[in-house]
Amino acid sequence: MIKQAHKKQKTFHPACLEAQRVHRKERNMDILFINGSPNKSGNTAALAQELLKGKEFETLNLVDYKLYTYGQDFADDQFQEILNKMKAANKIVIGSPVYWHNMSGAVRTLLDRFYGPVSQGELKGKSLYFLFQGAAPTKQMLEFGEYTMSRFAALYGMTYIGMANSMADVEKLKKQL
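No experiment lies behind these values; they were computed from the predicted model shown. (Residues numbered from 1 in each chain as written. Predicted model: local features only at pLDDT ≥ 70, side-chain atom pairs only at ≥ 80, totals over all residues. Heavy atoms only, no water.)

K.L.:
Looking at this structure, I do not really get the overall build of the protein. What am I missing?
P.N.:
Counting secondary structure elements, the protein contains six helices and five strands. Going from N to C terminus, the protein has its helices and strands arranged as α-β-α-β-α-β-α-β-α-β-α. Buried positions account for 40% of the 177 residues belonging to the protein. Taking as baseline every contact in the protein between residues at least 6 positions apart, the subset at least 24 positions apart corresponds to 77%. If you sum the accessible surface of the protein, you get close to 10,900 Å²; carbon and sulfur atoms cover 52% of it. (Helix = DSSP H or I, 4+ residues; strand = E, 2+ residues; numbered from the N terminus. Buried < 20%, exposed > 50% of the residue type's maximum accessible area, 1.4 Å probe, protein only. Contact = heavy atoms within 4.5 Å. Areas by Shrake-Rupley, 256 points an atom, 1.4 Å probe, with all protein chains shown as cover.)

Below, the structure is given as structure tokens:
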């Protein structure tokens, strides 16, 4: 007598199916907003909400991640997690308030951390948008911020689309999103 092997059909718990769907969605994510402000719902986030209105996107608040400065080596560093999310996105929006005449320390640290572990051109094919706002940024501050972001984009292969520092600028940038 030959015994027939019965293939047991796999069934998944609904929570597992949802986790798989979310994971697939993250891998195919179109837009990632990286909020460099310590205020998760402040003016930087408001500019992003307006820019991305009607679009599906993920928000990554840098304040929620352990992102150590260049040269530090701690086991709980989360730079690789941030980088993986950037690699998964097609469009990256980085937002920063103007602090001490420059971008926030969190954004600056993120950019600095690319040096070494990330190869030139590694984010090729992605688009980069920059939101840079403050109470009274000077023209020079804005130019320095935009220069930094455009050079960062070029070095890692991204297309730099532009910067917005006001709701009026956001309306112009929306047309390119």
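So that's the structure; there's more coming.
K.L.:
Whenever I open this one, the packing of aromatic side chains confuses me. Can you help?
P.N.:
In this description, an aromatic ring pair is defined by two values, namely the gap between the centres and the angle between the planes. In this structure the tally under the stated criterion is seven aromatic pairs. Where Tyr-68 meets Phe-74, the ring centres are 4.6 Å apart and the plane angle is 50°; that geometry is what we call tilted. Each residue in the set Phe-79, Phe-114, Phe-152 and Tyr-156 is aromatic and connected to the rest through ring pairs, giving one cluster. (Phe/Tyr/Trp six-rings, centres within 6.5 Å; stacked < 30°, edge-to-face > 60°.)

K.L.:
How should I be thinking about the environment of Leu-52 in this particular structure?
P.N.:
The topology assignment puts Leu-52 in the loop between α2 (43–51) and β2 (58–61). On a C-alpha basis, the gap between Leu-52 and Phe-33 in space is 9.0 Å, while along the polypeptide they are 19 residues apart. The residues contacting Leu-52, other than those within four sequence positions of it, are Ile-31, Phe-33, Phe-57, Val-93 and Leu-177.

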